[in-house]
Amino acid sequence: MIETNQELYTQRLLALPIIQSIEDLSTRTRLPASLISQYLGDNSRYYFNIHHKKKTGGMRSINSPNRQLKALQRWILKNILEKLKPSRYAKGFIPKLNLLDNAQPHAGNQYVLKIDFKDFFPSIEANKVYSIFRAVGYSKKISYYLTSICTLKGYLPQGAPSSPYLSNLVCIRIDHRIGRYCDKYALIYTRYADDISISGNQLSSIKKSWLIIKMIISEEGFIINKSKELLSGPRSSRIVTGLVTNPTIGIGRKKYNHYRKEIFNLKRNGSMSHIEKITGILSFVKSVDIKRYEQLKKYYETI
């Protein structure tokens, strides 16, 4: 069925590519329609599993698509998804934003509440992804095509390049619900992927928000990782996505000492791959903590 005038108007208004058939998608992506058709419906045979160790222990399974499917997902990401704006509370998976942008709004606040989603990507079902494409003007048929390409067995696969940005778009509703509540009670809310941070200066407000936010998360179909719930106060370091927010934002003394020791051990090894790891450490620290970066750089140069 051809899109209605309203659907086409919405696509043009958002500067999205007009796609009315699989042939249109083929022309725009420069991939054969027969190839694209393979990825509609059950496409599990085009993924392979990669296992990574979690920092907290255990293994994480990553579903990685094959080269052609990944190319399709990247095209959708660049030409459709990145033209749509996530909520202002979302700080992860967004070009030009990093961990510092997520921690900065919480700087100096006396209390920080951290809540983490359990199985974040698998908990985002295909029907929510489908709703995103329908909402921006694509027909039911095209929305089904795009959803099939971007999902695996009815959910977002963690290894697909389109999944992170899609997760932000799906979370617009939950972001606005939590964000509006926090704005009302002088609390700060940010979300970096599956990591929620709430901060403020009134313990009673933080504790009350804990209950309300748990309810909102449940109503939106997400599950809380109870092992990662944490409320920090004035007598402890307040940490937001790995960065200390008091008295100033940065990696903190503990993480600084860890990186200093790691640089020493890597430098002693002296191999090219270890030099690259040191460069990576310095690059990361520079992006979030200039003062500690200068200290680590100076230390590296002296040894």
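This text follows the structure it describes.
The following refers to the structure shown. Because the structure is predicted, anything quoted here is derived from the model rather than measured.

Re the nonpolar core
Reasoning step 1: Counting 58 residues, the largest nonpolar core has Ile76, Ile80, Leu81, Phe133, Ile178, Ile198 and Ile217 as the members making the most contacts within it.
Reasoning step 2: What Ile178 contacts, discounting residues up to four positions off in sequence, is Tyr189, Ile196, Ile198, Ile213, Ile216 and Ile217.

Remarks on the environment of Gln38
Reasoning step 1: The topology assignment puts Gln38 in helix H3 (residues 33-38).
Reasoning step 2: Note on Gln38: relative accessible area 36%, which makes it partly exposed.
Reasoning step 3: As for Gln38 and Leu69, which are separated by 31 residues in sequence, their C-alpha atoms are 9.5 Å apart.
Reasoning step 4: When residues no more than four places from it in sequence are discounted, the contact partners of Gln38 are Arg45 and Tyr46.

A short note on the packing of aromatic side chains
Reasoning step 1: Scanning all chains against the criterion turns up 10 aromatic pairs.
Reasoning step 2: A ring pair is formed by Tyr39 and Tyr46, whose centres lie 4.8 Å apart and whose planes are at 80°; its orientation type is edge-to-face. Like Tyr46, Tyr39 is buried.
Reasoning step 3: On the basis of an interplanar angle of 55° and a centroid distance of 6.2 Å, the ring pair of Tyr144 and Tyr145 is categorised as tilted.

Quick notes on the packing of helix H6 (residues 126-135) against helix H8 (residues 163-170)
Reasoning step 1: Here H6 crosses H8 at 80°, and the two axes come no closer than 10 Å. Taken as axis vectors, H6 and H8 run roughly perpendicular relative to one another. Residues Lys128, Val129, Ile132 and Phe133 of H6 form the contact with H8, whose participating residues are Leu166, Leu169 and Val170.

Here's the deal with the sheet that holds strand E3 (residues 111-116)
Reasoning step 1: Strand order in the open sheet formed by 4 strands is E4-E5-E3-E6, with antiparallel pairing between adjacent strands. Unpaired on one side and paired on the other, strand E4 (188-192) and strand E6 (230-232) mark the two borders of the sheet. Strand-to-strand, the axes of this sheet are offset by a mean angle of 15°, without reference to chain direction.
Reasoning step 2: The pairing of E3 with strand E5 (residues 195-200) spans 6 bridges and is classified as antiparallel. Within E5, the position partnered with Val112 by the bridge is Ser199.
Reasoning step 3: Contacts from helix H10 (residues 203-219) reach E3, E5 and E6, with the element oriented near 15° to E3.

Description of the side chain of Glu229
Reasoning step 1: Along the chain, the position of Glu229 falls in the loop between H10 and E6.
Reasoning step 2: At a separation of 3.3 Å, a polar atom in the side chain of Glu229 contacts the side chain of Lys214.
Reasoning step 3: When residues no more than four places from it in sequence are discounted, the contact partners of Glu229 are Lys114, Trp210, Lys214 and Ile224.

With respect to the layout of surface pockets
Picture a little ball the size of a water molecule; that probe, rolled over the atoms, points out where space is still empty.
Reasoning step 1: For the second largest pocket, the calculated volume is near 200 Å³.
Reasoning step 2: Looking at the second largest pocket, the residues that line it are Val244, Asn246, Pro247, Thr248, Ile249, Gly250, Ile251, Gly252, Arg253, Asp289, Lys291 and Arg292.
Reasoning step 3: Looking at side-chain class alone, the lining of the second largest pocket contains 4 nonpolar, 4 polar and 4 charged residues.

A short note on a nonpolar patch on the surface
Reasoning step 1: On the surface, Tyr9, Leu13 and Leu14 cluster together into a nonpolar patch covering about 310 Å² of accessible area.
Reasoning step 2: Positionally, Leu13 belongs in helix H1 (residues 5-13).
Reasoning step 3: By relative accessible area, which is 59% here, Leu13 ends up exposed.

A short note on H1
For an α-helix, the turn length of 3.6 residues means that residues three or four places apart are oriented alike.
Reasoning step 1: All of the buried residues along H1 are Glu7, Leu8, Thr10 and Gln11. The buried residues of H1 occupy an angular sector of 155° when the element is viewed end-on, so they sit on one face. In H1, those exposed residues whose orientation departs by more than 90 degrees from the buried face are Asn5, Gln6, Arg12 and Leu13.
Reasoning step 2: Buried-residue contacts for H1 involve H6.
Reasoning step 3: The positive-phi residue at the C-terminal boundary of H1 is Ala15, with phi of around 60°.

Some details on the state of the cysteines
Reasoning step 1: Taken as a whole and judged by the stated rule, the model has 0 disulfides.
Reasoning step 2: Free cysteine: Cys150, not disulfide-bonded; nearest cysteine sulfur from Cys171 at 16 Å.
Reasoning step 3: Look at Cys150 and you get buried, because its relative accessible area is 0%.
Reasoning step 4: Residue Cys182 stays outside any disulfide, its sulfur separated by 15 Å from that of Cys171, the closest cysteine.
Reasoning step 5: Owing to a relative accessible area of 0%, Cys182 belongs among the buried residues under this scheme.

About the thresholds
Position numbers for residues start from 1 in each chain and track the written sequence from start to end. Note on the predicted model: pLDDT of at least 70 is required for a residue's local features to be given, and 80 or more for side-chain atom pairs to be given and counted; whole-chain, interface and lining totals, by contrast, use all residues. Just so you know, side-chain values use all the structure's heavy atoms and leave hydrogens and water out. Residues enter a nonpolar core if they are buried and are Ala, Val, Leu, Ile, Met, Phe, Trp, Tyr or Cys, with the set joined through side-chain atoms within 4.5 Å. For every residue, the accessible area obtained with a 1.4 Å probe (protein chains only) is divided by the maximum for its type, and the residue is called buried under 20%, exposed over 50%, and partly exposed between those limits. In what follows, a contact means two residues having at least one pair of non-hydrogen atoms within 4.5 Å. Here a helix means four or more residues in a row that DSSP labels H or I, a strand means two or more in a row labelled E, and each is numbered from the N terminus. In this scheme Phe, Tyr and Trp rings, the latter by its six-membered ring, pair at centre separations within 6.5 Å, and the angle between planes marks the pair as stacked below 30 degrees, edge-to-face above 60, and tilted otherwise. Comment: axis = line fitted to C-alpha atoms, over the contacting stretch for helices; angle = value between 0 and 180 degrees taken between N-to-C directions. With respect to orientation, any angle under 35 degrees is reported as roughly parallel, any angle over 145 as roughly antiparallel, any angle of 65 to 115 as roughly perpendicular, and every other angle as oblique. In short, DSSP must find at least two bridges between two strands for them to pair. Pairs of N or O atoms are called polar contacts if they sit within 3.5 Å, as long as, within protein, a hydrogen donor faces a hydrogen acceptor (for residues adjacent in sequence, only side-chain-to-side-chain pairs). Residues are called lining when one of their atoms sits within 4 Å of a cavity or pocket point, these points coming from a 1 Å grid over the protein atoms alone, where a cavity is a set in which a 1.4 Å probe fits but cannot get out and a pocket is an open set with protein on both sides within 12 Å along at least five of seven lines. Grid points are joined across faces, edges and corners, and a volume is the space filled by probe spheres set on the points. When residues are grouped by polarity, Ala, Val, Leu, Ile, Met, Phe, Trp, Tyr, Cys and Pro land in nonpolar, Asp, Glu, Lys and Arg in charged, and all others, Gly among them, in polar. Think of a patch as exposed residues, more than 30% relative accessible area, with no salt bridge, where like charges cluster within 9 Å and nonpolar side chains (Val, Leu, Ile, Met, Phe, Trp, Tyr) cluster within 5 Å. In these tables, accessible area is a Shrake-Rupley quantity obtained with a 1.4 Å probe, and a residue counts as shielded only by the protein chains included in the view. A carboxyl oxygen of Asp or Glu within 4 Å of a side-chain nitrogen of Lys or Arg is what we treat as a salt bridge. This arc corresponds to the set of directions leading from the helix axis out to the C-beta atoms. We call a pair of cysteine sulfur atoms a disulfide whenever their separation is within 2.5 Å.

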